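Residue-level structural notes
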Amino acid sequence: MSTSALPSTHSGVELEIGGMTCASCANRIEKKLNKLDGVVATVNYATEKAKVTVPEGYDPALLIAEVEKTGYTAVMPEPKGAKKDTKSGDGNDAEDAELTSLRHRLIGSIVLTVPVIAMAMIPALQFTYWQWASLALAAPVIVWAAWPFHKAAWVNLKHGAATMDTLISMGTSAAFLWSLYALFFGTAGVPGMTHPFEFTLAPSDGAANIYLEVGAGVTMFILAGRYFEKRSKKQAGAALRALLELGAKEVAVLRGGVETKIPVEDLRVGDEFVVRPGEKIATDGTVVSGTSAVDASMLTGEAIPVEVAEGDTVTGATTNVGGRLVVRTTRIGSDTQLAQMAQLVEDAQTGKAEVQRLADRISGVFVPIVIVVAAVTLGGWLGAGFPVSAAFTAAVAVLVIACPCALGLATPTALLVGTGRGAQMGVLIKGPEVLESTRKVDTVVLDKTGTVTTGKMTLVDVVTEPGSDRAELLRLAGALEDASEHPIAQAIAKGATQEVGTLPVVEGFANIEGKGVQGVVDGHAVLVGRDSLLAEWSLQLSGELAATKARAEGEGKTVVAVGWDGKARGILVVADTVKDTSVEAIRQLKALGLSPVLLTGDNEAVARHIAAEVGIDEVIAEVLPQDKVDVVQRLQAEGKVVAMIGDGVNDAPALAQADLGLAMGTGADVAIEASDITLVRGDLRSAVDAIRLSRKTLGTIKTNLFWAFAYNVAAIPVAALGMLNPMLAGAAMALSSVFVVGNSLRLRGFKSTAV
């Protein structure tokens, strides 16, 4: 939520960055942009995007020019919802072209390098002129297949920088040039020359040895790592792309009463469109006519379709599985829930956690240090009297083993997969800094209405007077209430319909302001409402029923009395019920080590009753909306790290104040905007999923960083001491990146507790 603290005179700009090959590149671009006056930039290597905050009216062309000065490319992305979204398609084509180019170089290098390595490793394959055959096979690999590394190294050199590509280019070029020297000016080119493959280095005549297998092998292994890394990054971002592709492409809009097929991009607010069974709803809107069931599982994960009728809201990209609907458009383009969900995911993936900033800072200075270590290694071996070949090989091994691929991938790949998996489960993490908060939280404050409870009035009990029939009571009272638009009346009518079926017709219906309703149903003069309404007709509840009514009202429930034909017949109890999943959710939150607190504006008795039902011990009741934030501040002052879960407008300040704000996606937009995590479903177990997934993602990041750091710390001394062949160093370096990406991809298997 750090962006919310920026002054309103600032605005956000997004750039798509091209030419980055490692975290060092991203770090260098970020430094350059942040040197500009009033500019705050974050560059992400995994998403290849820059999020930049600039003063209002700032020309983005200046940002692009600065990036290009650094040796990379930058473009403004096409706005979402742009006509035909052609640019987006081009972007995907460019990404696919890069992947295809990598694949071609990799396949070519494998075909050419395998024989070179085989001949170098197996003396039996070293025929009379094998060294020259190795040169013919290895040269295209080191020059053509490794060209992206050489090109990037040259660009960086022109700008006075050294990156991972510098290491690769130096290592492979040095191996190739030394081999050319040994072949043409040394003794390595003589017919019948042989040399065994060794895991360790030993003093030898440098001019008698070639290292073509090192240059070609390193190139092959690094290309393999780059290719699988690129492909994995593409897979890791699949959840976001899937979200963006969920929406309908065409819509049947009503113009002058006639259906006309148009692209979804041409829809305008206020347009009415038709959705037939099996079709996707084109955009967010309100049902104008028709009834149906809508499958929202793609967005919310809810397996059961939701019944909708005239006046109900529907969400774009959900599927109509029932009857024909006519929907009036209320939100289009980037304002729709689908677009906002996609933006939340993208924002989270583009941001940076504090742990990643540490990795970036280290990778920024890592390359120059490695070059110095390689130079010291070379000088040390030569100074100790070892042959040039041994010194050279140790220095090349240092250059190759130190490539910080794994370091640069450790955090962004885990964020990509974790936030993408969250989106699939209906958990939208707004920013990577949220991950740290979930680890530290120890107290969770829950709003009652709409969070722990359904937020909707439901018929929960029917109590009859002796001699009265329950079904008859529901039939007559339900029919009368069905004619009223009051929420309590509608709750009774819905409950009655579910229990007794079709309700009879009402005659002479009348609404008695502030007291209830009356009318004639099946020849009976029926009254439903307060005691005072029945008293006007001399109808009185029995002492036992009056006591039951008082008890229910003491628990915060609403009770209406029912009577007909001169006699009181029973009472109907209506209440905001606890969600079916809330008890399980509270149990799971406690299992995570969190202390739940119920916070509500309702009276103490109601709050205590609800809290006892779901298993919450601490209750803070009768709190005014503006005082909720004070409660959160008080808990924080006591040393607690607070998470707040809510859904209403009155929860927004508390959500913003909390160390971690979680908003129900079924709630108010302002609450969602103020939160750190949005729970698309109204299921409180989603909060458990959000905290578990965030902690799991953070744990994966730390595992990745440990592996990357430990790998480099352990490998560089080994290489410098001449105990590691450069070709094996290249393979190990590539495998470290594959390990990091593979470890991150395990997050795709994260399972929800809401089963």
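Just so it is clear, the model here is predicted, and its values are computed rather than measured. (Residues numbered from 1 in each chain as written. Predicted model: local features only at pLDDT ≥ 70, side-chain atom pairs only at ≥ 80, totals over all residues. Heavy atoms only, no water.)

It is worth spelling out the pairing of strand 24 (residues 642-646) at this point. The buried fraction of strand 24 is high, at 5 of 5 residues. Where burial is concerned, the two faces of strand 24 agree: the one with Val-642, Met-644 and Gly-646 and the one with Ala-643 and Ile-645 are both buried. Taken together, the 4 bridges between strand 24 and strand 25 (residues 660-664) define a ladder with parallel strand orientation. Bridged to Met-644 within strand 25 is Gly-661. (Buried < 20%, exposed > 50% of the residue type's maximum accessible area, 1.4 Å probe, protein only. Helix = DSSP H or I, 4+ residues; strand = E, 2+ residues; numbered from the N terminus. Pairing = 2+ DSSP bridges.)

Pairing within the open sheet is antiparallel, and its 6 strands lie in the order 16-21-20-19-18-17. Two strands lie at the open edges of the sheet, namely strand 16 (453-464) and strand 17 (506-512), each paired on one side alone. Put simply, the sheet's adjacent strands are angled 20 degrees from each other on average, direction ignored. The sheet contact formed by strand 17 and strand 18 (residues 516-521) spans 5 bridges and is antiparallel. Across the sheet, Ala-510 pairs through a bridge with Gln-518, a residue of strand 18. (Axes fitted to C-alpha atoms, helices over the stretch in contact; angles between N-to-C directions.)

Moving on: unusual backbone geometry. Its identity as a non-glycine residue notwithstanding, Asp-522 has a phi of 55 degrees, on the positive side. Secondary-structure assignment places Asp-522 in the loop between strand 18 and strand 19 (524-529). By relative accessible area, which is 43% here, Asp-522 ends up partly exposed. Backbone geometry places Ser-538, a non-glycine residue, at a positive phi of 60 degrees. Here Ser-538 is to be found in the loop between helix 18 (531-536) and helix 19 (543-554).

With 36 residues, helix 25 (residues 685-720) ought to run about 52 Å at 1.5 Å a step, and its terminal C-alpha atoms sit 53 Å apart, in line with that. Of the residues flanking the end of helix 25, it is Gly-722, one or two places downstream, whose phi is positive at about 75 degrees. (Expected span 1.5 Å × (residues − 1).)

Here the UniProt-annotated "transmembrane region" (unreviewed entry) positions come out as residues 106-123, 129-147, 167-190, 210-228, 362-384, 390-417, 704-721 and 727-745. Measuring from the first to the last C-alpha atom of residues 106-123 gives 26 Å, for a span that is 89% helix and 0% strand. Secondary structure content for residues 167-190 is 75% helix and 0% strand, while the C-alpha to C-alpha distance between its ends is 31 Å. (UniProt positions renumbered as here; feature names shortened; annotations may be inferred.)

Taken residue by residue, the chain gives an average pLDDT of 80. The fraction at 70 or more is 81%. The element-level mean pLDDT for the chain is lowest in helix 9 (residues 297-300), coming to 54, with helix 4 (residues 130-145) highest at 94. Below pLDDT 50 for its whole length, residues 1-8 participates in 9 contacts with residues either more than four positions away or in separate chains. For residues 80-90, every residue scores under 50 in pLDDT, and the model assigns this stretch 8 contacts once sequence neighbours within four places are set aside. (pLDDT = per-residue confidence, 0-100. Contact = heavy atoms within 4.5 Å.)

We now examine the sheet that holds strand 7 (residues 272-275). Taken in spatial order, the 6 strands make up an open sheet running 6-5-7-13-8-11, and their pairing is antiparallel. The open sheet has two edge strands, strand 6 (258-263) and strand 11 (313-314), and neither has a second partner. Sheet analysis places strand 8 (residues 284-289) next to strand 11, joined by 2 bridges and oriented antiparallel. What sits directly across from Thr-286, in strand 11, is Thr-313.

As a further point, take the packing of aromatic side chains. This model, assessed by the stated rule, comprises 5 aromatic pairs. The interplanar angle of 75 degrees and the centroid separation of 5.4 Å between the aromatic rings of Trp-132 and Phe-184 together place this pair among those described as edge-to-face. Of this pair, Trp-132 sits in helix 4 while Phe-184 is found in helix 6 (residues 164-184), placing the two residues 52 residues apart along the sequence. Owing to a relative accessible area of 52%, Phe-184 belongs among the exposed residues under this scheme. Residues Trp-707 and Phe-739 carry aromatic rings whose centres are separated by 4.4 Å and whose planes lie at 40 degrees to one another, so their mutual orientation is tilted. With Trp-707 in helix 25 and Phe-739 in helix 26 (residues 726-745), this pair connects stretches of sequence that are 32 residues apart. Members of the aromatic cluster, each reached through a chain of ring pairs, are Trp-178, Tyr-181 and Phe-185. (Phe/Tyr/Trp six-rings, centres within 6.5 Å; stacked < 30°, edge-to-face > 60°.)

Time to look at the pattern of salt bridges. Side chains bearing opposite charge may pair, as long as their charged atoms lie close to each other. Applying the stated criterion across every chain, the model contains 21 salt bridges. The salt bridge involving Glu-259 is made with Arg-276; its shortest N-O contact spans 2.8 Å. Of this pair, Glu-259 sits in strand 6 while Arg-276 sits in the loop between strand 7 and strand 8, placing them 17 residues apart in sequence. We classify Glu-259 as partly exposed; its relative accessible area is 31%. Among the salt bridges present, the one from Glu-638 reaches Arg-634, with a minimum N-O distance of 3.3 Å. Classification of Glu-638 by relative accessible area gives partly exposed; the value is 46%. On the accessibility criterion, Arg-634 (39% relative accessible area) is partly exposed. What you see here is one network of salt bridges that share partners, running through Glu-14, Lys-49 and Lys-51. (Salt bridge = Lys/Arg side-chain N within 4 Å of Asp/Glu carboxyl O.)

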